[in-house]
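Structural overview
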Amino acid sequence: MEVHLEEKRQAAIDKRLAIIPKSYRKTYEKAVARKSMRAALKAQCLECVNWEKSEIRNCIALGCPLWAYRPYQEILQSSVKRRDLGAESTQN
Ligand code: SF4
């Protein structure tokens, strides 16, 4: 029973790998091999937005349990902080 499930899982993984863009395959493989929770999160978000990473940054599904942890948001936050700091410095 256990072996049968593992075989089915591997077949499902192989099926997904065949349609994942090459540049994201390593992330997916790391995730399904249980090597990285970060990779699992990244792979889930990437799959959710059909592998368009800019869509993750702009994700508006605020109720999604992964939203607060989604990848690629650091860039947005740091640019907002820079903008805010710039606004403060002009007020001084
Ligand atoms: S946070 Fe956004 S991109 Fe990530 S899984 Fe949720 S809805 Fe999809």
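Located above this text is the structure these notes cover.
Residues numbered from 1 in each chain as written. Predicted model: local features only at pLDDT ≥ 70, side-chain atom pairs only at ≥ 80, totals over all residues.

Another point: the overall build of the chain. Helices and strands together make up the secondary structure of the chain, namely five helices and zero strands. Reading the chain from its N terminus to its C terminus gives the helix and strand order α-α-α-α-α. Here the chain holds 92 residues, and 9% of them are scored as buried. Of the contacts made within the chain by residues no fewer than 6 positions apart, 20% connect residues no fewer than 24 positions apart. (Helix = DSSP H or I, 4+ residues; strand = E, 2+ residues; numbered from the N terminus. Buried ≥ 20, exposed ≤ 12 C-beta atoms within 10 Å, placed from the backbone. Contact = placed C-beta atoms within 7 Å.)

What follows covers helix 1 (residues 2-17). The terminal C-alpha atoms of helix 1, which comprises 16 residues, lie 22 Å apart, in line with the 22 Å expected from a rise of 1.5 Å per residue. Sparse coverage of helix 1 is indicated by the burial of zero of its 16 residues. (Expected span 1.5 Å × (residues − 1).)

Examined against the element boundaries, glutamine 44 turns out to sit in helix 3 (residues 37-48). For the pair glutamine 44 and tyrosine 28, spaced 16 residues apart in the sequence, the C-alpha separation amounts to 8.6 Å.

Bringing unusual backbone geometry into the picture now. Unlike most non-glycine residues, arginine 34 shows phi in positive territory, near 60°. Take arginine 34: it is sitting in the loop between helix 2 (25-32) and helix 3. In the Ramachandran plot, tyrosine 72 falls in the positive-phi region, its phi being about 70° despite a non-glycine side chain.

Moving on, we get to the nonpolar core. For soluble globular proteins, nonpolar side chains are generally found buried alongside one another. Counting seven residues, the largest nonpolar core consists of Tyr28, Ala31, Ala39, Ala43, Cys45, Leu46 and Ile56. Within the residue set of this core, elements represented by two or more residues are helix 2 and helix 3. With sequence-adjacent residues up to four places away left out, leucine 46 is seen in contact with Tyr24, Trp51, Lys53 and Ile56. (Core = buried A, V, L, I, M, F, W, Y, C linked by C-beta atoms within 7 Å.)

This paragraph deals with the environment of glutamate 55. For glutamate 55, the location among the structural elements is in helix 4 (residues 53-57). Taking the C-alpha atoms as reference points, glutamate 55 and cysteine 45, separated by ten residues in sequence, lie 9.1 Å from one another.

This brings us to the packing of helix 2 against helix 3. Where helix 2 meets helix 3, the axes come as close as 8 Å, and the angle between the chain directions of the two elements is 125°. Judged by the inter-axis angle, helix 2 sits oblique to helix 3. By crossing handedness, the relation of helix 2 to helix 3 is classed as left-handed. For the pair formed by helix 2 and helix 3, the contact residues are Thr27, Tyr28, Lys30 and Ala31 on the first element and Ala39, Ala40, Lys42 and Ala43 on the second. (Axes fitted to C-alpha atoms, helices over the stretch in contact; angles between N-to-C directions. Parallel < 35°, antiparallel > 145°, perpendicular 65-115°, else oblique. Left-handed = near helix turned anticlockwise from the far one by under 90°.)

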